[in-house]
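# Chains, contacts and geometry: an overview
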Amino acid sequence: MADGRPALTMVPKTSTKVPVVSHRVLKTSDWFHADGFPIAVERRNPQEPFPMHAHEFSELVIITGGSGLHVTGGRAYPLAAGDVFVISGRRPHTYAGLRRLCLVNLLYQADKLQWHWADLPALAGYHALFTLEPAWRRRHEFKSRLHLQPEELRHVLELVEALDHELRQRSPGFGFMATAAFMQIIGFLSRCYSRSWNPDARALLRIAETITHLETHYHEPVNLDTLARIARMSKRSLLRAFHAATGSTPIAYLLQLRLNRAAHLLRHSSQNITEIAFATGFNDSNYFTRQFRQRFGASPRQWRQHLRAAG
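Turning next to the packing of aromatic side chains. We describe a pair of aromatic rings using the distance from one ring centre to the other and the angle between the two ring planes. One pass over the structure, following the stated rule, counts 13 aromatic pairs. Where F282 meets F288, the ring centres are 5.0 Å apart and the plane angle is 45 degrees; that geometry is what we call tilted. Just as F282 is buried, F288 falls in that class too. Among the aromatic side chains, those forming a connected cluster through ring pairs are F282, Y287, F288, F292, F296 and W303. Positioned above the aromatic ring of F296, the side-chain terminus of R295 is 4.7 Å from the ring centre.

Turning to the pairing of strand β6 (residues 75-80), a few remarks are in order. Summarising burial for β6: five of the six residues are buried, a large majority. Note that strand β5 (residues 58-72) and β6 share six bridges and pair antiparallel. Paired with L69 across the strands is P78, a residue of β6. The hairpin turn running from β5 into β6, its antiparallel successor, is two residues long, and G73 in that turn takes a positive phi close to 60 degrees.

With that out of the way, let us pick up helix α5 (residues 199-216). The first and last C-alpha atoms of α5 sit 25 Å apart over 18 residues, in line with the 26 Å expected at 1.5 Å per residue. By the burial criterion, the buried members of α5 are A201, L204, L205, I207, A208, T210, I211, T212, H213 and L214. Packed against the buried residues of α5 are α2 (124-136), α4 (174-194), α6 (224-231), α7 (235-246) and α8 (250-268). With a side-chain oxygen lying 2.9 Å from the backbone nitrogen of D200, the N-terminal cap of α5 falls on N198.

Let's shift gears to the pattern of salt bridges. Inspection of every chain in the model, using the stated rule, returns 14 salt bridges. Notably, a salt bridge pairs E42 with R44, separated by 3.2 Å at the nearest N-O pair. Residue class for R44 comes out partly exposed when judged on its relative accessible area of 23%. Between R43 and D164 there is a salt bridge; the shortest N-O distance is 3.1 Å. Residue R43 is found in strand β3 (residues 39-44), and its partner D164 is found in helix α3 (residues 150-169); the two are separated by 121 residues along the sequence. Among the residues examined, R43 registers a relative accessible area of 33% and is labelled partly exposed. The class of D164 is buried, set by a relative accessible area of 10%. Via salt bridges that share partners, R43, E161, D164 and R168 belong to a single interconnected network.

Basis of the calculations
Residues numbered from 1 in each chain as written. Predicted model: local features only at pLDDT ≥ 70, side-chain atom pairs only at ≥ 80, totals over all residues. Heavy atoms only, no water. Phe/Tyr/Trp six-rings, centres within 6.5 Å; stacked < 30°, edge-to-face > 60°. Buried < 20%, exposed > 50% of the residue type's maximum accessible area, 1.4 Å probe, protein only. Lys NZ or Arg CZ within 6 Å of the ring centre and 35° of its normal. Helix = DSSP H or I, 4+ residues; strand = E, 2+ residues; numbered from the N terminus. Pairing = 2+ DSSP bridges. Expected span 1.5 Å × (residues − 1). Contact = heavy atoms within 4.5 Å. Polar contact = N/O pair within 3.5 Å; in protein donor to acceptor, adjacent residues only side chain to side chain. Salt bridge = Lys/Arg side-chain N within 4 Å of Asp/Glu carboxyl O.

Given below as structure tokens:
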């Protein structure tokens, strides 16, 4: 304002349209430690104005206080303490209407994180938080985001503090400890999403439950009727919703799960090709070979030989 006083910014309760502007891309080399470890913590207390930007990495955002707007995809969504969401890929975003907005950014390079997933893919909240909500953000007006209760927020911030401590100290073994802390955060937040009673979140969880079923029953026969019952949708509605969320049909998604699992077994087991085909849900080893070649550019046998030759 002309007299030097700050202008008051009203934070709307629902999303609003905003103009789309050009943006820069934040480089991995500028935000992660020189040793290459693929997790970093950035605290903003409070968040300062920052231009529209995208990342070469992903970001898990936890709002810890204040209020403001998250601007992305030509929309502005209101934020409050306890909100949690994921920014993945090169999706441009920024913050506006800042009123002491405080947050924690957990930066991570998904392609460099190597861990044993165990049964995390069996948790519907994991798929909802990391895959479905980002894809449905505009359709759901950000209403399907995860919102933590105060005690949940306190607990996750304790886990963040443990992660941040390991990353600051970088003592021997920090990589293992930091990865374990990050996995605890992901697991806890995924459980929180699974418990959500938010109607929009519940709608995403129904689709997430179909993904969970595919992840845990990939080696069994699966049909659309079963998936539609799990999602409590018609087959037509499920196909439309599943494609909107994942960019794939359930059957194509299942095929990729089977092929990825087969690739894992080729690398880490001594089973022969036919045994692996049947173990991953393929009833025809010739069909398995054709699909594997199309996905990986080599037959299963050639792929295994290449891995062994590479050491």
